[in-house]
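Each chain, written out:
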Amino acid sequence: MNAEIFTIGRLSREAACNVQTIRYYEQIGLLPAPLRSSGNQRLYDESWTRRLRFIRHARDLGFELDNVRILLDLADDPSKSCEAVDEVAGGQLAQVEQRIRDLQALKRELQRMLKLCQGGTVADCRIIETLGNHDLCIADTHAGNKR
């Protein structure tokens with residue numbers, strides 16, 4: 001049985017990914033170089049769709065491209081231990097948890113700034129004053145922006 005062959009446009013639709021992104025993933029080696037028609041048109045089959053969906057899902061979960069590459073390499077060798085996959089996913093979870101802590105600190109700071117604001121004029125605005133002087137903030141960092 002022969003696999004169905006299709007163009008980049010169909011791959012784009014089936015994987016909900018724009019054509020430029022597909023070309024970029026090919027360029028950086030996350031997707032293998034596709035077959036080419038006699039007219040040099042890119043040709044794909046279902047394996048590219050599955051791989052592209054994997055990449056897109058990993059990216060949607062916040063995995064950086066280097067970690068997506070690691071996960072793809074591991075997925076390409078199903079006999080390997082899942083330990084390395086767990087390590088990559090655990091690292092991603094730790095990053096997400098840190099971002100949540102940073103966002104919670106940002107929320108607290110914005111709430112505090114709004115509570116300090118008494119209305120009136122911009123000249124007396126505590127929000128403007130705090131934005132102009134980071135030393136007036138209660139946290140050293142906001143959403144990952146370190147001093």
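Conventions adopted
Within any chain, residue numbers begin from 1 and follow the written order of that chain's sequence. Local features are withheld for residues below a pLDDT of 70 in this predicted model, meaning they are given only at 70 or higher, and side-chain atom pairs are given and counted only at 80 or more; totals for whole chains, interfaces and linings count all residues. The side-chain values count all of the structure's non-hydrogen atoms but skip hydrogen atoms and water molecules. Strands here are runs of E lasting at least two residues and helices are runs of H or I lasting at least four, both read from the DSSP assignment and numbered beginning at the N terminus. Throughout, exposure labels follow a simple rule: accessible area from a 1.4 Å probe, protein chains only, divided by the maximum for the residue type, with under 20% read as buried, over 50% as exposed, and the rest as partly exposed. In this description, contact between two residues means that some pair of their heavy atoms is separated by no more than 4.5 Å. Here the bounds of each domain stem from an automatic or database domain assignment. By buried area we mean how much accessible surface two parts lose on assembly, using a 1.4 Å probe and totalling the loss over both. Here, a salt bridge means any Lys or Arg side-chain nitrogen found within 4 Å of an Asp or Glu carboxyl oxygen. Pairs of N or O atoms are called polar contacts if they sit within 3.5 Å, as long as, within protein, a hydrogen donor faces a hydrogen acceptor (for residues adjacent in sequence, only side-chain-to-side-chain pairs). Residues enter a nonpolar core if they are buried and are Ala, Val, Leu, Ile, Met, Phe, Trp, Tyr or Cys, with the set joined through side-chain atoms within 4.5 Å. Interaxial angle, 0 to 180 degrees, is taken between N-to-C directions of lines fitted to C-alpha atoms, where a helix line uses only the stretch in contact. Any angle that is under 35 degrees is reported as roughly parallel, and any over 145 degrees as roughly antiparallel; angles of 65 to 115 degrees are reported as roughly perpendicular and all others as oblique. Crossing handedness follows the turn of the near helix against the far one: under a right angle anticlockwise gives a left-handed crossing, and clockwise gives a right-handed one. Amino acid classes used here: Ala, Val, Leu, Ile, Met, Phe, Trp, Tyr, Cys and Pro are nonpolar; Asp, Glu, Lys and Arg are charged; the rest, including Gly, are polar.

*Asks:* So what about the side chain of T130? Which residues, and what values?
*Replies:* Inspection of the secondary structure assignment puts T130 in helix α6 (residues 126–132). Of the residues examined, T130 reaches a relative accessible area of 4% and is grouped as buried. Setting aside residues no more than four positions away along its own chain, T130 makes contact with E109, R112, M113, L136 and C137.

*Asks:* Would you mind going over the domain arrangement of the protein in detail, with residue names and values included?
*Replies:* Domain boundaries in the protein define domain 1 (8–76) and domain 2 (83–136). Taking the mean C-alpha position of each, domain 1 and domain 2 sit 35 Å from one another. Summing both sides of the interface, domain 1 and domain 2 together bury roughly 560 Å²; the carbon and sulfur share of this comes to 69%. It is F63, L71 and L74 in domain 1 that bury the most area against domain 2; as a group they hold 55% of the surface buried on that side. Here domain 1 is connected to domain 2 by zero salt bridges. Scanning the region where domain 1 abuts domain 2 turns up two residue pairs in polar contact (both at pLDDT 80 or more).

*Asks:* A description of the pattern of salt bridges should follow, citing residues and the corresponding values.
*Replies:* Once their charged atoms are close, side chains differing in charge can pair, the charge on each being opposite to the other. Under the criterion given, the structure shown has five salt bridges. With a shortest N-O distance of 2.5 Å, R10 and E14 are connected by a salt bridge. Within this pair, R10 and its partner E14 are both found in helix α1 (residues 8–15), separated by four residues, close to a single helical turn. The shortest N-O distance in the salt bridge between R112 and E109 comes to 2.6 Å. In this pair, R112 and E109 are both assigned in helix α5 (residues 83–116), three residues apart and thus about one turn of the helix distant. The buried category is assigned to E109, whose relative accessible area is 1%.

*Asks:* Go over the nonpolar core, please, and point to the residues and values.
*Replies:* Among the nonpolar cores identified, the biggest contains 20 residues, and L11, I22, L31, Y44, L52, I55 and V68 are the most heavily contacted of them. Elements represented by at least two residues in this core include exactly α1, α2 (19–27), α3 (46–60) and α4 (65–75). No other element matches the four residues that α3 contributes to this core. Once you skip the residues sitting within four places of it in the chain, L31 turns out to touch I22, Y25, E26, W48, R51, L52 and I55.

*Asks:* I'd love a proper account of the packing of α3 against α4, names of residues and values included.
*Replies:* It is at 10 Å that the axes of α3 and α4 come closest, and there the two elements cross at 140°. What the angle tells us is that α3 and α4 run oblique. Considering only the axes of α3 and α4, their crossing is right-handed. Note on element contacts: α4 touches α3 through L65, V68, L71, L72 and A75, opposite R51, F54, I55, A58 and R59. Across the contact of α3 with α4, the residue classes tally to eight nonpolar, no polar and two charged.

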